[in-house]
Amino acid sequence: MATKHDQILMYIENLPIGEKISVRSIAKTLAVSEGTAYRAIKAAENNGLVSTIERVGTIRIEQKLKGKIENLTFEEIVQVIDGEVLGGRAGLDKLLDKFVIGAMQIDAITRYITPKSLMIVGDRTDVQRLALENGAAVLITGGFGTSADVIALANDLALPILQTAYDTYSVAALINRALTDQLIKKEIVTVADIYQPLAEIRILHANQTVADYRQLSTSAKQSRFPVVNDHLRLVGIVTVKDILDKPATMSLEKVMTKDPTSVKKYMSVASVGHSMTWNSLEVMPVVADNLKLEGIITRQDVMSNMQTVQHQPQVAETFYDQIVEPLRLSSTAPDFYPIAYDYQVTPQMTNNLGTISFGVLTEAVAAACQQMLQTQHQRYSMIEQINLHYLRLIQIDTQIQILPRLLEIGRRSAKIDVDVYANHVIVAKAIVTGQLLERG
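Reference entry: report on the structure contained in this document. (Residues numbered from 1 in each chain as written. Predicted model: local features only at pLDDT ≥ 70, side-chain atom pairs only at ≥ 80, totals over all residues. Heavy atoms only, no water.)

So, the nonpolar core
Note the following rule: Among buried residues, the Ala, Val, Leu, Ile, Met, Phe, Trp, Tyr and Cys ones that are joined through side-chain atoms within 4.5 Å form a nonpolar core. Whether a residue is buried, partly exposed or exposed follows from its accessible area with a 1.4 Å probe, protein chains only, as a fraction of its type maximum: under 20%, in between, or over 50%, in that order. Counting from the N terminus, the helices are the DSSP runs of H or I reaching at least four residues and the strands are the DSSP runs of E reaching at least two. In this analysis, two residues are considered to be in contact whenever any of their non-hydrogen atoms come within 4.5 Å of each other.
If you look at the biggest cluster of nonpolar residues, it comprises 32 residues, and the most contacted ones within it are Tyr 343, Leu 361, Val 365, Ile 400, Ile 402, Val 418 and Val 420. Elements that contribute at least two residues to this core include exactly α15 (319-324), β19 (341-344), α16 (358-377), β21 (399-409), β22 (413-422) and β23 (425-436). A per-element tally of this core places α16 first, with nine residues. Contacts of Val 420, omitting those with residues within four sequence positions, involve Val 365, Ile 400, Gln 401, Ile 402, Val 425, Ile 426, Val 427 and Ala 428.

What follows is the structure, given as structure tokens:
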């Protein structure tokens, strides 16, 4: 049997988009206490079901599912291809599932057309009509138009029919790039993915006392709490160090750390992890743009997530992946070097002079240092600084050897000296500083 909390969430989820709700109305409609209604509404806000708008109130909004981020709407496709909409505007908000190129005989095309797909075709009105009749949108390439009856069919079915001046090959490449970019965005873990929402954490108010802190700390078995005002806006954070030797009746407003460092839900976990490690922060509040507290994020969760992400394969390839892919562990390392990496310079890695790009060499050196720290010292890392000196030009098709050597390593950082050789001659040198991630 569903709890009252779950019943309220189900009720909110079934409300029309744009419906205004309140604690009092929910409590009255579902015969629950206002406290129960308040907690459920906050949970609904964290789940993306409702949003609180100043001077308006709490409104039922359309939930954006993260699982759909790898797809594009047809309206976004119009922007990608610099196109025009000839018909079916009512369907522009529909999601693209796949695209099909109509370069076959019409009897062979049918098997490839599925609902939510996009048929890319030239001035073949028979294929355009067939696609629409089978639930697919149409993209006409080469600047060609279409007939009035095809446009009317698109309007009737609410399936977009688009036009672009690009050829078929170009638009396929553009759409594929856009889909890949969406996959990459999906892989970037943000604070929103791992934070603890307000409904699941314990907080204190500025007008509460040291005695209230001690009581909550004992019951919750933790020592760090966000402090908010009457409007749930973040005003501080209080830890056990703040209340040492303080009288039980003293207000938290007088002992808390004011204006603590906070983060937003859209920030990447990598950037937050860097800040937490460098500043020795165990907990950071998560706030909205108006400083309203939305939850917390802990260093343990951040570090565990970052270590997991670093050894997981990516779904989509980035420029970084293309740069570091040729890096290989060398079978032999020269004297005085504990490890060596071989790296082949391909034409795509070069600048207009035909030599390796400075940025490419920098990324290759950084990747070698990270791999060395991981394999030899079992530490994941983030590169913070590289001082790279390019001593000799490195030509296309040259195989270079990257030789990292650890200078010093501590609890939070490591410094590495790197020599780069080509044909037994030193061609570059670097000093690399990396921040070490804590073991999960």
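Notes on unusual backbone geometry
Backbone geometry places Leu 291, a non-glycine residue, at a positive phi of 70°. When you line up the elements, Leu 291 lands in the loop between β16 (283-287) and β17 (293-298). Classification of Leu 291 as partly exposed rests on a relative accessible area of 41%.

Some points on the pairing of strand β8 (residues 117-121)
Defined as follows: Here, any two strands with at least 2 DSSP bridges between them count as paired. Here the term right-handed applies to a crossover when the path leading from its first strand over the helix to its second strand runs clockwise, the strands being oriented away from the viewer.
Of all five residues that make up β8, five are buried, and the element is covered over most of its length. Along β8, one buried face is formed by Ser 117, Met 119 and Val 121 and the opposite face, lined by Leu 118 and Ile 120, is buried too. Relative to β8, strand β7 (residues 98-101) runs parallel, the two sharing four bridges. Bridge pairing in β8 links Phe 99 to Leu 118. With four bridges joining them, β8 and strand β9 (residues 137-140) adopt parallel strand pairing. Considered in β9, the bridge of Val 121 is made with Ile 140. After leaving β8, the chain enters helix α6 (residues 125-133) and then returns to the sheet as β9, a path that is right-handed.

Section: the side chain of Thr 73
One can find Thr 73 in strand β4 (residues 72-73). With a relative accessible area of 17%, Thr 73 lands in the buried category. When residues no more than four places from it in sequence are discounted, the contact partners of Thr 73 are Leu 92, Asp 93, Lys 94, Leu 95 and Leu 96.

Digging into the sheet that holds strand β5 (residues 84-87)
Where we set the bar: To get an axis, a line is fitted to the C-alpha atoms, and for a helix only the part in contact is used. The angle between two axes follows their N-to-C directions and goes from 0 to 180 degrees.
Taken in spatial order, the five strands of this open sheet run β5-β10-β9-β8-β7, and their pairing is mixed. The open sheet is flanked by β5 and β7, the only strands paired with a single partner. Looking at each pair of strands side by side, their axes are set apart by 25° on average, direction ignored. Sitting on the sheet, helix α7 (residues 148-157) touches β5 and β10 (161-163), and the angle it makes with β5 is about 90°.

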